[in-house]
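Below, each chain spelled out in residue letters.
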Amino acid sequence: MLKAVNIFFLSQPFFAAAPLGLLGPFVPVGGASLSKMLRLLALHSFRTSAAIFKWQIERTNLDINIGDIAEIVYMDAPNPASGPIPRDVRPFFGDGPFYEWTTVQEMGDQFEFDVEKLERSMSEVEKKLRDEGPFDGLIGFSQGTLLASVIVMLQHRGLILQTVPPLKFCILFAGLKSRYPPHAEVFKMGKVPVPSLHIYGDRDQIREHCVDLANAFQDPIVIQHPRGHSIPSLLPHQLAVMRAFLSSFLEKEKGGTAAIPGASSFSHSM
């Protein structure tokens, strides 16, 4: 079993996804598009950056494939990277800059969070949501999912962001459930009744953590792929699930509903 401390220091294998261009832009049935756009705030992984997360999303054509439904806004974590940059990041992105949301150290059988960094990160995300919103949902990768999942949970519980329109959903790539004690206590209050889409790999080193986070949500939708800790290119049927998930929130505003293909099966494997 992986030690929880490792979840903050894993590198991100950027080239584990399918080759660029394997899937062309997704074309909705009949060429239809929805007039209103969702807005997603994107939170990057450990010791990377908004620019790197944007590159990862664009490399899989995900930005094109959901571009008629959603706009993605990227932000940097407020804390400069305080340690080694993942070995599969620096060769391609030189001297950065690189950022982190928080750090954690193993202290015997306990974990010591850098509370100052974590609180600064929470504060900056909240500020972004207030100043540049409204946002419909959060999308995160690896350590970015820790912030994304905690923020939607705390807002739903009435603990933060009560003057900001409620976040409707979260999309979590290689997700991590926060072990920070105050967050863990709120998770114990019950499953988070916020719609969530979880995408993780069968060979991800933190797969058990991804499953744990998915299980913390009520009725999660899960897309599995055979790769590791990465943002994969989605196959057409998986992309259809993501598009239907996003479109359902636009349909709700119009008073309708949108079925998510195969959602009741919980898992959508490649």
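Residues numbered from 1 in each chain as written. Predicted model: local features only at pLDDT ≥ 70, side-chain atom pairs only at ≥ 80, totals over all residues. Heavy atoms only, no water.

**What about the pattern of salt bridges?**
Line of reasoning, step 1. As enumerated under the stated definition, the model contains 13 salt bridges in all.
Line of reasoning, step 2. Between Arg243 and Asp68 there is a salt bridge whose closest N-O contact spans 2.8 Å. Placement of Arg243 in helix H8 (residues 236–253) and of Asp68 in the loop between helix H2 (62–65) and strand E2 (70–75) is noted, with a sequence separation of 175 residues between them.
Line of reasoning, step 3. Judged by its relative accessible area of 7%, Arg243 is buried.
Line of reasoning, step 4. Lys127 is paired through a salt bridge with Asp131; the nearest N and O atoms lie 2.8 Å apart. Taken as a pair, Lys127 and Asp131 lie in helix H4 (residues 115–132) at a separation of four residues, close to a single helical turn. (Salt bridge = Lys/Arg side-chain N within 4 Å of Asp/Glu carboxyl O. Helix = DSSP H or I, 4+ residues; strand = E, 2+ residues; numbered from the N terminus. Buried < 20%, exposed > 50% of the residue type's maximum accessible area, 1.4 Å probe, protein only.)

**Points about the confidence of the model for the protein**
Line of reasoning, step 1. Looking at the protein as a whole, its pLDDT mean stands at 83, while 78% of the residues score no less than 70.
Line of reasoning, step 2. Predicted confidence for residues 1–34 stays below pLDDT 50, and this span has 89 contacts to residues more than four positions away or in other chains.
Line of reasoning, step 3. Across residues 262–270, confidence stays below pLDDT 50; counting only partners more than four residues off in sequence or on other chains, it has 26 contacts. (pLDDT = per-residue confidence, 0-100. Contact = heavy atoms within 4.5 Å.)

**Looking at the packing of aromatic side chains**
Line of reasoning, step 1. For the coordinates displayed, the defined rule picks out seven aromatic pairs.
Line of reasoning, step 2. Centre to centre, the rings of Phe53 and Tyr74 are 5.8 Å apart; their planes meet at 85°, and the pair counts as edge-to-face. In this pair, Phe53 sits in helix H1 (residues 50–59) while Tyr74 sits in strand E2, placing the two residues 21 residues apart along the sequence. Of the two residues, Phe53 and Tyr74, both sit in the buried class.
Line of reasoning, step 3. Between Phe245 and Phe249 the ring centres are 5.3 Å apart and the planes differ by 80°, which places this aromatic pair in the edge-to-face class. (Phe/Tyr/Trp six-rings, centres within 6.5 Å; stacked < 30°, edge-to-face > 60°.)

**Some words on unusual backbone geometry**
Line of reasoning, step 1. For the peptide bond that leads from Gly96 to Pro97, omega is 10°, which places it in the cis range.
Line of reasoning, step 2. For Pro97, the location among the structural elements is in the loop between helix H3 (90–93) and strand E4 (99–100).
Line of reasoning, step 3. For the bond running from Gly133 to Pro134, omega is 5°, close enough to zero to count as cis.
Line of reasoning, step 4. Along the chain, Pro134 turns up in the loop between H4 and strand E7 (137–141).
Line of reasoning, step 5. You will see that Arg47, though not glycine, has its phi angle at about 55°, which is positive.

**A closer look at helix H7 (residues 207–215)**
Line of reasoning, step 1. Taken together, the buried positions of H7 are His209, Cys210, Leu213 and Ala214. Buried residues of H7, seen end-on, are gathered within an arc of 140° and therefore sit on one face of the element. (Arc of directions from axis to C-beta.)

**Observations regarding the pairing of E7**
Line of reasoning, step 1. Among the five residues of E7, five are classified as buried, and the element is accordingly described as predominantly covered.
Line of reasoning, step 2. The side-chain alternation of E7 yields two buried faces, one formed by Gly137, Ile139 and Phe141 and the other by Leu138 and Gly140.
Line of reasoning, step 3. Here strand E1 (residues 38–43) runs beside E7; their pairing, made up of four bridges, is parallel. Bridge assignment links Leu41 to a residue of E7, and that residue is Leu138.
Line of reasoning, step 4. Bridge count between E7 and strand E8 (residues 169–173): five bridges; the pairing is parallel. What sits directly across from Leu138, in E8, is Cys170.
Line of reasoning, step 5. Note on the crossover from E7 through helix H5 (residues 143–156) to E8: the handedness is right-handed. (Pairing = 2+ DSSP bridges. Right-handed = clockwise from strand over helix to strand, strands pointing away.)

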